[in-house]
2 protein chains.
Amino acid sequence: MTFQRIAIIGLGLLGGSIGLAVKEYLPGARTTGYDLDPANRRRAAERALTDRVCETAAEAVREADLVIFCVPPGAMGAAAREIAGAVPADAVISDVGSCKQSIAAALTEALPDHAVIPAHPVAGTENSGPDAGFAALFQKRWCIITPPADADPALVAKLSAFWEALGARVELMDAQHHDLVLAVTSHLPHLIAYTIVGTASDLEDVTQSEVIKYSAGGFRDFTRIAASDPVMWRDVFLANKEAVLEMLQRFSEDLTALQRAIRWGDGDALFDLFTRTRAIRRSIIEQGQDDARPDFGRTDH
Amino acid sequence: MTFQRIAIIGLGLLGGSIGLAVKEYLPGARTTGYDLDPANRRRAAERALTDRVCETAAEAVREADLVIFCVPPGAMGAAAREIAGAVPADAVISDVGSCKQSIAAALTEALPDHAVIPAHPVAGTENSGPDAGFAALFQKRWCIITPPADADPALVAKLSAFWEALGARVELMDAQHHDLVLAVTSHLPHLIAYTIVGTASDLEDVTQSEVIKYSAGGFRDFTRIAASDPVMWRDVFLANKEAVLEMLQRFSEDLTALQRAIRWGDGDALFDLFTRTRAIRRSIIEQGQDDARPDFGRTDH
C-alpha cells in the first residue's frame, strides 16, 4: 500500500504531472494542490491537475498523508514554513528537487517534527508551468530517493511504492552522492547549453537570424535544454555550487586539451575521443533512457 | 531544369540520402554511386541508394553532369583526383561538406578545369554509413551554396534548383562567412558535446552506469550529437581550425563568467542569461528548424 491523500505544492511541470499520473495510475488516491500564483491555480483547476485546487497551502495539506513540494529549490524552505501549522503530524514530507542536500536541510528546518524523505524523479521537458504536465512523464524514468540516515524504512518503502505506481524505477542513494551524480548528468549539461546559446547570440560577425536558420547543424539541440525554467535552474546552480564547480573544472580542462589538439592538428587525439563517446550513446539507448530513432525521430523525417 | 545524371561519390548518410531523394523527388534523373569501401557498395546496391552502384569512381562519373562528393572533408582531394581523367569536361563538381574554404581549395586543385561549386546542406542525424540515409533528410532544411567569385550564374542556378527539388531552401554565401557561421551553429556544439561526454565517462566518484541511468536529466541530448561520425568530425575541426578556435575562445570566456557567477552566488546574472536563451528556442521552432513537441516528442511520453 502507498499514500492515499497526496498534497502537491507547486503545480508546474512536475507537480502537474504527478497530479495527472496519480489520477491515471493510482485511481483510488485523492489529490489536493496549491500554487503560489493565482493564475496557475486557475489553470490547474481548468486542467484538473489535482482533484481539488486549494486557495491556501494550509488547506491543501490539511488531510494529507504525503506532501510533495514541487517548487524551485530556493523556494522550498518558505513553502514548507507555510504549511507548518496545518499539516498532520504523521504526514510524510517529500519533494522533487534536483539537488538533495540543500533541500533536505531546508525542509527539515521548517518541519523538524515530520518525516522528511526527499526524492528526485529524473524526468522533465523544456516546458514549465501548469500547461506542461502530463501523466506519462515518469514512465521508465528513474526516481532517486535520498532518505536521511534515521528514516523509517517502512515510510521509505511506501514512498518507493508511490513512485513505482507512477511508472518510475526507484533507486535509493545518499544525498551527497546524488548531488555529485546529477551535477554531471543534468546540471553541467544545462550550464553548458545555456552558455553556448548565450555565446551564439552575442556574436558581431554572425547574425542571430543566421544562428536560427542554420541551427539544424547541432545548435538546436542545445536550445531545447536552454529553454528550461530559469528560476529553477538559477536555484539549482546556487544550491549545488560545490559539485557543479567541480564538474565544470573537469570539463574546462578536457575542453582545453581538445582545443590544444585542434590547434596543433592532432587528429588522432580527436578521433580517439570521438570514437569513445559513441559507446555511451549505445548504452543509453539499450537501457531505455532515450529514443533510438535517428535525430530523436523529428517529425520532418 | 536541373541536372539529370548525378554521380554520388561516398554512399553514407548524406550520399545515400541524396540518392534516395533524387529517386523520390526528381524521378527523371539517373544516379550512379561509388564508395571506397566494398562493404558499403554492396549495402548501397541492396538498398538501391543510386540507380547503379559502380566498382570504380571513374565509372560512376563517366556520364555525369553533376558530381557530388559526400566523403569526409579530409578525403575530398584524393576522391577528386580519382575521377580527374574520367569526368566529362562540362560536369559541375560539388560536395556536401561542413567546411567550405578548405574543400573548395582541395576540389579546385584536383580538378582545375572544371566548374567547382561547393554546397552544404545543413541537415543530418547522428547515424552514418549506407544504412543511415533517407529521402526526406533535406525537407525544410537550408542548403548553403558557396560559389567562387567567378562561378557561372547559370550553373549556380542549376545547382540551386537541384537542392530545391530535394526539398531544401537555398542560400548563397561567401565560403569564409559560411565557415564562421557553421563554426557556431554546428562545429562548436559538436565539440562541446564530445567533450562533456568524455568528461562524464572519466569520473572516479560517479560510475559510468550511473551516468547512463540518470542521463534523462539532460546529458542524453549531448550523447546524440556525440555519436556522430568520428572521421568526419575530426576532419571538420582540422579543416575549420581558425573559426572553431575563435568560437571556442568566446565560449570559454562566457563559461568562465558563469562559473564566477555561481561561485559568488550571483543569482541575477544566472537568471538573466537563462531568460535570454529561451527566446532563441522560440524563433527556431517558429522558423520550422526544430520540432515543437516537448522533449522532441520522445516516444515514452
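Residues numbered from 1 in each chain as written. Chains lettered and ligands numbered in written order. Predicted model: local features only at pLDDT ≥ 70, side-chain atom pairs only at ≥ 80, totals over all residues. Heavy atoms only, no water.

Q: Would you explain the overall build of chain A in this entry?
A: Scanning chain A from N- to C-terminus turns up 12 helices and 9 strands. Radius of gyration (C-alpha) of chain A: 21 Å, near the 19 Å computed for a compact globule of 301 residues. Each principal axis of the C-alpha atoms in chain A carries an extent, and together these give about 65 × 40 × 35 Å. In chain A, which comprises 301 residues, the share counted as buried stands at 59%. Pairs at least 24 residues apart make up 74% of the contacts formed inside chain A by residues separated by at least 6 positions. Approximately 11,000 Å² of chain A is accessible, and the part contributed by carbon and sulfur atoms is 51%. The averaged location of the 41 negative side-chain charges in chain A is 4 Å from the averaged location of its 29 positive side-chain charges. (Helix = DSSP H or I, 4+ residues; strand = E, 2+ residues; numbered from the N terminus. Rg over C-alpha atoms; globule rule 2.2 N^0.38 Å. Buried < 20%, exposed > 50% of the residue type's maximum accessible area, 1.4 Å probe, protein only. Contact = heavy atoms within 4.5 Å. Areas by Shrake-Rupley, 256 points an atom, 1.4 Å probe, with all protein chains shown as cover. Lys, Arg positive; Asp, Glu negative; His and termini not counted. Charge placed at Lys NZ, Arg CZ, Asp CG, Glu CD.)

Q: Help me understand the relation of the copies chain B and chain A in this model?
A: Each of the two chain copies can be generated from the other by rotation about an axis followed by a shift along it. The two copies are related by a screw operation: chain B maps onto chain A through 180 degrees of rotation and 0.0 Å of translation along the axis, at an RMSD of 0.0 Å. Put plainly, the chains are arranged around a two-fold axis. (Least-squares fit on C-alpha atoms with pLDDT ≥ 70 in both.)

Q: Would you explain the interface of chain B and chain A in this entry?
A: Interfaces are often described in size by the accessible area the parts lose on coming together. Each partner contributes to the interface: chain B provides 112 residues, whereas chain A provides 112 residues. Around 10,600 Å² of area is buried between chain B and chain A when both sides are counted, 65% of it from carbon and sulfur atoms. Looking only at chain B, the three residues that lose the most surface to chain A are Y214, I262 and F274 of chain B, adding up to 7% of its buried area. The tally of links from chain B across to chain A stands at 12 salt bridges. Put simply, K213 of chain B and E171 of chain A hold a salt bridge, and the shortest N to O gap is 2.6 Å. Scanning the region where chain B abuts chain A turns up 37 residue pairs in polar contact (both at pLDDT 80 or more). Breaking the side of chain B that touches chain A down by element, the ones donating at least two residues are β8 (142-145), α7 (175-200), α8 (208-213), α9 (219-225), α10 (230-239), α11 (241-263) and α12 (267-286) of chain B. Broken down by element, the side of chain B that touches chain A gets its largest block of residues, 19 residues, from α7 of chain B. Split by residue class, the side of chain B that touches chain A holds 51 nonpolar, 33 polar and 28 charged. (Buried area = accessible area lost by both parts, 1.4 Å probe. Salt bridge = Lys/Arg side-chain N within 4 Å of Asp/Glu carboxyl O. Polar contact = N/O pair within 3.5 Å; in protein donor to acceptor, adjacent residues only side chain to side chain. Nonpolar A, V, L, I, M, F, W, Y, C, P; charged D, E, K, R; others polar.)

Q: Honestly, the pairing of strand β8 (residues 142-145) of chain A in this entry has me stumped. Any pointers?
A: Looking along a regular strand, one sees side chains alternate from face to face of the sheet. Residue and element names in this part refer to chain A. Neither face of β8 is open: one carries W142 and I144, the other C143 and I145, and all of them are buried. Relative to β8, strand β7 (residues 119-121) is paired through 3 bridges, and the arrangement is antiparallel. By the bridge assignment, A119 is partnered in β8 with I145. Judged from the 4 bridges that link them, β8 and strand β9 (residues 169-172) form a sheet pairing that is parallel. Within the sheet, the bridge partner assigned to C143 lies in β9 and is V170. In this view, the connection linking β8 to its parallel neighbour β9 by way of helix α6 (residues 153-165) has right-handed handedness. (Pairing = 2+ DSSP bridges. Right-handed = clockwise from strand over helix to strand, strands pointing away.)

Q: Help me understand helix α11 (residues 241-263) of chain A, please; the structure alone is not making it clear to me.
A: The α-helix advances 3.6 residues per turn, and as a result positions three or four apart in sequence lie on the same side. All names here are of chain A. For α11, spanning 23 residues, the distance from its first C-alpha to its last is 32 Å, which sits close to the expected 33 Å at 1.5 Å a residue. Residues of α11 that are buried include every one of A243, V244, L245, M247, L248, F251, L255, L258, Q259, A261 and I262, and no others. Of the residues one or two after α11, G265 is the one with positive phi, at around 70 degrees. (Expected span 1.5 Å × (residues − 1).)

Q: What am I meant to see in the confidence of the model for chain A here?
A: Close reading of the predicted structure is inappropriate where its pLDDT is low. Per-chain confidence: chain A averages 96 in pLDDT, with 99% of residues scoring 70 or above. Quick note on the complex model: pTM equals 0.93, ipTM equals 0.93. (pLDDT = per-residue confidence, 0-100.)

Q: Sorry if this is basic, but what is going on with the side chain of D65 of chain B here?
A: All names here are of chain B. Along the chain, D65 turns up in the loop between α3 (57-61) and β4 (66-69). With no salt bridge to any partner, buried D65 finds its closest opposite charge in R5, at an N-O distance of 4.2 Å. Each residue touching D65, except ones within four places of it in the same chain, is listed here: F3, Q4, R5, I6, D90, A91 and V92.

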